[in-house]
Amino acid sequence: MLPSFYQACLQTQLSAIQFITLQMLVALLQKERNVSLERLATLFAQPIQFESRRRNLQRFLSLPQLTAKALWFPILKYWLKQHFHRGQILYLVVDRTQWQYHNLLMVSLVMHKRSIPVYWVLLDKQGQSCLSEQQGLLRPVFALLKAYSVQVLGDREFHSVALAAWLREQGVDFVLRLPKSTTVKLMPESEFERLDTLPQFPGIALHEVQVQVTQQRGFGRFNLVTRWKRVYRWGKTNQVWYLLTNLESLEVALSSYAKRFSIEPMFRDFKSGGYNLEQCQLNGARFEAVVLLIG
């Protein structure tokens with residue numbers, strides 16, 4: 001049974017029959033942990049032929065109301081009021097996962113070392129996302145969370161200085177990991193150098209301010225954190241973190257970025273470790289509706 005505040009939000013957007021269908025489908029997904037439409041149609045408790053059940057589920061998943069903005073945002077807004085106070089820092093992880101022909105760009109909220117889906121976009125291409133797609137993902141989330149202080153955390157796909165400059169314009173804090181091939185200019189009189197050619201060693205933790213991170217003009221300067229964690233005994237030395245940020249503290253930047261890894265268990269729950277999303281053969285709006293239902 002869905003919580004009462006879920007039911008209240010959903011019933012404002014769905015008809016009585018649609019709401020019952022959603023409840024039955026969510027219960028079936030939670031029990032079977034399988035998003036194959038054929039499997040769901042086989043088990044769906046409706047006294048009609050299999051092919052009719054399959055078509056009914058296809059029509060239901062095509063409903064224009066089955067979107068994150070229409071159904072999930074009102075629920076999430078209510079839930080946030082119960083768990084966070086106004087102005088509190090919310091940590092948002094932006095990441096992308098891809099398998100077969102599905103390429104999902106997602107932003108999630110960190111809570112108790114786990115991530116909760118907030119908003120997602122199914123890209124109509126393979127490979128990495130671009131700046132405009134990342135901005136399109138984040139804009140509605142910032143509008144939803146305007147009552148809170150937000151920090152955006154991203155891996156090396158989101159290292160764009162243009163994205164960092166845009167986040168700063170939105171009044172948002174960020175920690176974005178840079179590739180080691182990035183060139184930086186630490187001092188006004190120095191030359192541009194690759195990050196992996198700068199002096200560094202296991203145990204290093206540096207926070208350098210007002211660093212020029214691109215040779216293109218117009219983006220201003222940012223803070224740069226370099227961290228190479230020392231590993232003792234027989235452990236292997238971790239990779240060096242190069243972090244682009246507007247945070248003023250080394251400790252805060254490192255603590256914030258460490259929260260980014262909370263999205264990995266969530267993606268496992270979505271895929272082979274949970275709902276087996278790889279088996280889903282749906283496309284477009286129907287696929288995004290399935291992500292909504294299992295999220």
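Scroll up to find the structure this text is about.
Quick caveat, the model's predicted, so the values are computed rather than measured.

A. Structural detail: the overall build of the protein chain. Check the secondary structure of the protein chain and you find 10 helices and 10 strands. Seen through its C-alpha atoms, the protein chain measures out along the principal axes to roughly 75 × 40 × 35 Å. Evaluated residue by residue, the protein chain yields a buried proportion of 49% over its 295 residues. Look at the contacts in the protein chain between residues 6 or more apart in sequence, and 57% of them connect residues 24 or more apart. Only carbon and sulfur atoms are counted for the fraction: they give 52% of the accessible area of the protein chain, which is about 15000 Å². The centroid of the 35 positive side-chain charges in the protein chain is displaced by 6 Å from the centroid of its 21 negative side-chain charges.

B. Structural context of helix α8 (residues 250–258). Among all positions in α8, only Leu250, Ala253, Leu254, Ser256 and Tyr257 are buried. Considered in projection along α8, the buried side chains sweep an arc of 165 degrees and stay on one side of the axis. Along its buried surface, α8 packs onto β1 (89–99), β4 (149–154), β5 (173–177), β8 (205–211), β9 (222–227) and β10 (241–245).

C. The sheet that holds β1, seen in detail. Ordered by their spatial adjacency, eight strands build an open sheet running β3-β2-β1-β4-β5-β10-β9-β8, and the pairing between neighbours is mixed. Of all strands in the sheet, those with a lone pairing partner are β3 (114–122) and β8, marking the two edges. Ignoring strand direction, the axes of neighbouring strands in this sheet form an average angle of 25 degrees. Sheet analysis places β9 next to β10, joined by five bridges and oriented antiparallel. Note on β10: the bridge partner recorded for Asn223 is Thr245. Relative to the sheet, α8 contacts β1, β4, β5, β8, β9 and β10, its axis offset from that of β10 by approximately 105 degrees.

D. Quick peek at the side chain of Asn223. Mapping Asn223 onto the fold places it in strand β9. Ignoring anything within four residues of it in the chain, the contact list for Asn223 reads His207, Glu208, Val209, Gln210, Leu243, Leu244, Thr245, Asn246, Leu247 and Glu248.

E. Representation of the layout of surface pockets within the structure. In this structure, the largest pocket occupies an estimated 390 Å³ of space. In terms of lining, the largest pocket is formed by 18 residues, of which the most central are Leu2, Tyr6, Leu292, Leu293 and Gly295. Among the secondary structure elements, those contributing two or more residues to the lining of the largest pocket are α1 (4–11), α2 (16–32), α5 (68–83) and α10 (284–294). Residue contributions to the lining of the largest pocket peak at five residues, all from α5.

F. The side chain of Gln18, seen in detail. Structurally, Gln18 is set in helix α2. By relative accessible area, Gln18 is classed as buried at 19%. With residues up to four places along the chain from it excluded, the contact list for Gln18 reads Gln13, Phe60, Leu63 and Gln65.

G. Representation of a positive patch on the surface. A cluster of basic side chains, namely Lys77, Lys81, Arg86 and Lys146, defines a positive patch on the protein surface. Turning to its location among the elements, Arg86 is positioned in the loop between α5 and β1. What makes Arg86 exposed here is its relative accessible area of 72%.

H. Spatial organisation of the pairing of β10. Counting buried positions along β10 gives four out of five residues, so the element sits mostly inside the fold. Pairing of β5 with β10 involves three bridges; the strand directions are antiparallel. Bridging across to β10, Arg177 finds its partner in Leu243.

I. Fine view of the environment of Pro265. By secondary structure assignment, the location of Pro265 is in helix α9 (residues 263–270). Along the sequence, Pro265 and Gly127 sit 138 residues apart, while their C-alpha atoms lie 22 Å from each other.

J. The environment of Val110, seen in detail. Relative to the helices and strands, Val110 resides in strand β2 (residues 102–111). A residue is classified by how much of its surface remains accessible, and Val110, at 12% relative accessible area, is buried. Setting aside anything within four residues of it in sequence, one finds Val110 in contact with Tyr91, Val93, Ser115, Lys259 and Ser262.

K. Spotlight on unusual backbone geometry. Look at Arg33: it is not a glycine, yet its phi comes out positive at around 55 degrees. Its identity is not glycine, yet Gln210 carries a phi of approximately 55 degrees, on the positive side. Following the sequence through the fold, Gln210 ends up in strand β8. Gln210 sits in the partly exposed class, given a relative accessible area of 48%.

L. Representation of helix α4 (residues 50–61). Here α4 contains 12 residues, and its C-alpha end-to-end distance of 17 Å stays within 8% of the 16 Å for a straight helix at 1.5 Å per residue. Those residues of α4 not exposed but buried are Arg53, Leu57, Gln58, Phe60 and Leu61. For α4, the angular spread of the buried residues around the axis is 165 degrees, confining them to a single face. Looking at the buried residues of α4, the elements they touch are α2, α3 (37–43) and α10.

Basis of the calculations
- Residues numbered from 1 in each chain as written.
- Predicted model: local features only at pLDDT ≥ 70, side-chain atom pairs only at ≥ 80, totals over all residues.
- Heavy atoms only, no water.
- Helix = DSSP H or I, 4+ residues; strand = E, 2+ residues; numbered from the N terminus.
- Buried < 20%, exposed > 50% of the residue type's maximum accessible area, 1.4 Å probe, protein only.
- Contact = heavy atoms within 4.5 Å.
- Areas by Shrake-Rupley, 256 points an atom, 1.4 Å probe, with all protein chains shown as cover.
- Lys, Arg positive; Asp, Glu negative; His and termini not counted.
- Charge placed at Lys NZ, Arg CZ, Asp CG, Glu CD.
- Arc of directions from axis to C-beta.
- Pairing = 2+ DSSP bridges.
- Axes fitted to C-alpha atoms, helices over the stretch in contact; angles between N-to-C directions.
- 1 Å grid on protein atoms, 1.4 Å probe; cavity = no way out; pocket = protein on both sides within 12 Å on 5 of 7 lines; lining within 4 Å.
- Points joined across faces, edges and corners; volume = space filled by probe spheres on them.
- Patch = residues over 30% accessible without salt bridge, like charges linked within 9 Å, V, L, I, M, F, W, Y side chains within 5 Å.
- Salt bridge = Lys/Arg side-chain N within 4 Å of Asp/Glu carboxyl O.
- Expected span 1.5 Å × (residues − 1).

By themselves, these are just geometric observations and shouldn't be taken as functional.
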